Amino acid sequence: MISCTRSLTRPDLTRFGRTDPTRPRTEDPVELRWLESFVTVAEELHFGRAADRLHLAPSALSAQIRALESHLGVRLIDRGRRTRPALTNAGLLFLEEARLTLAQAARAQAVGRRAGRGELGHAELAYVASAAFSGVLTDVLSRCTGEPDSGLTVQVRELETPAQLEALACGDIDVGFLRSRPRYPAGVTATTLLTEDVVLAVPDRSPLAALDAVPAAGLRHERFVAPHFDEEYGCREHIQEVAGRGGFSPRCAPPVRDFIAALTLVGGGLAVALVPESLRRARIPGVTCRPLADVRPTTRLVGAYRRDETSPAVRAVIRRLRRAAEETAERVTTG
């Protein structure tokens, strides 16, 4: 009796693409250098030329391809002794995905480097209303977003000075454009962006509007209005300086929200105001601005930010802010 026994040896699965059926599949990520080596071999279909392109020894390149195939559990390249290497069906499918992966990795690397240089990212800015008329705010914004390939985005909102300083200290905003203060919260510093003269805003129909320059003594009977956030610093000091020069005690109206509100009251004939010269550009109906004849107070617009800022994007905004300040100072010096 002849008996037939079926072989219990494991079938050769290399014909189906599997290189080592005993090796468990792994979920570890594929190394990018393996993908680069595979794509280069697929393009050259010659291990020697591919090795030259990659600046590798042919043996090292072959080892990387074997490692990739072993990792995937599939043969990607048929290697004949007398024929050129050829991609398997699996290799052809894998090639497209490998190229996409390498391209995405290159993009990710570029984004990371640009973000590290502050060319990409986001910053929160705030400004007082009067800063919008100086031209400094728009200058800094254009420096941040004006470059064709700039990936830096900024969000801008109007905030009064005390709210800006609080928001800077707690991290709600990154850079503030405000009128200077003798002191700032801990960790916050400021760069002077613009120093400008303070001028007198008077109603169009006031006799003072007909003067080329207004003497301090001529304001004896006027009522002054100032923003409430600035009444302690800046405006109050300016009013006291003018009153001291004119030899009178100033009368003050209730404080208002900002310089624009102050100019609105001036236009209505209810008060006069000492305002930064750049607010001439506001062109509030019924308002005329005149220089002071015998006293010359000044005010400073500053950019405030955290001293130890770590965000590359915010540091990039600060660099642009400082550059704008330097160029403004140079124009004043040479002009």
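Just so you know, these numbers come straight off a predicted model, no measurement behind them.

Trainee: Now, about the nonpolar core: what can you tell me, with residues and values included?
Mentor: Nonpolar side chains in soluble globular proteins generally cluster together in the buried interior. One finds Leu 200, Ala 201, Leu 219, Val 225, Leu 274 and Val 275 to be the most contacted residues of the largest nonpolar core, which totals 35 residues. Counting residues per element, the ones that place at least two in this core are β6 (188-203), α7 (235-246), α8 (259-267), β9 (273-276) and β10 (287-290). Of the residues forming this core, the biggest block, five residues, is contributed by β6. In this view, Leu 274 contacts Val 198, Val 199, Leu 200, Phe 224, Cys 235, His 238, Ile 239, Val 242, Phe 259 and Leu 292; residues no more than four positions away in its chain are not counted.

Trainee: Lay out the packing of helix α1 (residues 32-44) against helix α2 (residues 47-54) with the relevant residues and their values.
Mentor: A pair of packed helices can be characterised by two numbers: the angle between their axes and the separation between those axes. One way to put it is that α1 packs onto α2 with a least axis distance of 8 Å and a crossing angle of 130°. Accordingly, the angle class assigned to the pair α1 and α2 is oblique. The chirality of how α1 crosses α2 is right-handed. Only Phe 47, Arg 49, Ala 50, Arg 53 and Leu 54 of α2 make contact with α1, whose side of the interface consists of Glu 36, Ser 37, Thr 40, Val 41, Glu 43 and Glu 44. Looking at the contact of α1 with α2 residue by residue, the class counts come to four nonpolar, two polar and five charged.

Trainee: Which residues make up unusual backbone geometry, and what values go with them?
Mentor: At His 55, a residue that is not glycine, the phi angle is positive and equals roughly 55°. With relative accessibility at 74%, the residue His 55 sits in the exposed group. Positioned with a positive phi, Arg 283 is a non-glycine residue whose angle comes to about 50°. Structurally, Arg 283 can be placed in the loop between β9 and β10.

Trainee: Pulling in residues and values, what's your account of the confidence of the model for the protein chain?
Mentor: Averaged over every residue, the pLDDT of the protein chain is 84; the share at 70 or more is 85%. Every residue in residues 1-25 is under pLDDT 50, and counting partners more than four places away or in other chains gives 18 contacts.

Trainee: With reference to specific residues and values, describe the state of the cysteines.
Mentor: A complete count under the given rule lists zero disulfides for this structure. There is no disulfide at Cys 235, and the cysteine sulfur nearest it, in Cys 252, is 9.9 Å away. For Cys 235, a relative accessible area of 3% puts it in the buried group.

Trainee: Tell me what's going on with helix α5 (residues 136-145), and back it up with residues and numbers.
Mentor: Along α5, the positions that sit buried rather than exposed are Val 136, Leu 137, Val 140, Leu 141, Arg 143 and Cys 144. What you see down the axis of α5 is that its buried residues fit within an arc of 160°, all on one side.

Trainee: Let's hear about empty space enclosed by the protein: which residues, and what values?
Mentor: A full pass over the atoms with the stated rule returns three cavities of 30 Å³ or more. Empty space within the largest cavity amounts to approximately 60 Å³. Forming the walls of the largest cavity are Tyr 127, Val 128, Ala 129, Ser 130, Glu 158, Leu 159, Glu 160, Phe 229, Arg 257, Asp 258 and Phe 259. The class makeup of the residues in the lining of the largest cavity is six nonpolar, one polar and four charged.

Trainee: Tell me about the pattern of salt bridges, and name the residues and values.
Mentor: In this structure the tally under the stated criterion is 16 salt bridges. For the salt bridge of Arg 79 with Glu 69, the shortest nitrogen-to-oxygen distance reads 2.9 Å. Taken together, the residues span a long stretch of sequence, with Arg 79 in the loop between β1 (77-78) and β2 (86-87) and Glu 69 in helix α3 (residues 58-72) at a distance of ten residues. The class for Glu 69 is buried, based on a relative accessible area of 4%. One connected set of salt bridges, linked through shared partners, spans Glu 43, Glu 44, Arg 49, Arg 53 and Arg 99.

Trainee: Can you break down the packing of α2 against α3 residue by residue, with the values?
Mentor: The N-to-C vectors of α2 and α3 enclose an angle of 100°; their axes lie 9 Å apart at closest approach. In terms of orientation, α2 and α3 fall into the roughly perpendicular class. Side by side, α2 and α3 meet where Phe 47, Ala 50, Ala 51 and Leu 54 of the first sit next to Pro 58, Leu 61, Ser 62 and Ile 65 of the second.

Trainee: So what about helix α6 (residues 161-170)? Which residues, and what values?
Mentor: Every α-helix carries 3.6 residues per turn, so stepping three or four residues along brings you back to the same face. All of the buried residues in α6 are Thr 161, Gln 164, Leu 165, Ala 167 and Leu 168. Across the axial projection of α6, the buried residues extend over an arc of 165°, all falling on one side. Looking one or two residues beyond α6, the residue adopting positive phi is Gly 171, at roughly 90°.

So, how was this worked out
- Residues numbered from 1 in each chain as written.
- Predicted model: local features only at pLDDT ≥ 70, side-chain atom pairs only at ≥ 80, totals over all residues.
- Heavy atoms only, no water.
- Core = buried A, V, L, I, M, F, W, Y, C linked by side-chain atoms within 4.5 Å.
- Buried < 20%, exposed > 50% of the residue type's maximum accessible area, 1.4 Å probe, protein only.
- Helix = DSSP H or I, 4+ residues; strand = E, 2+ residues; numbered from the N terminus.
- Contact = heavy atoms within 4.5 Å.
- Axes fitted to C-alpha atoms, helices over the stretch in contact; angles between N-to-C directions.
- Parallel < 35°, antiparallel > 145°, perpendicular 65-115°, else oblique.
- Left-handed = near helix turned anticlockwise from the far one by under 90°.
- Nonpolar A, V, L, I, M, F, W, Y, C, P; charged D, E, K, R; others polar.
- pLDDT = per-residue confidence, 0-100.
- Disulfide = S-S within 2.5 Å.
- Arc of directions from axis to C-beta.
- 1 Å grid on protein atoms, 1.4 Å probe; cavity = no way out; pocket = protein on both sides within 12 Å on 5 of 7 lines; lining within 4 Å.
- Points joined across faces, edges and corners; volume = space filled by probe spheres on them.
- Salt bridge = Lys/Arg side-chain N within 4 Å of Asp/Glu carboxyl O.

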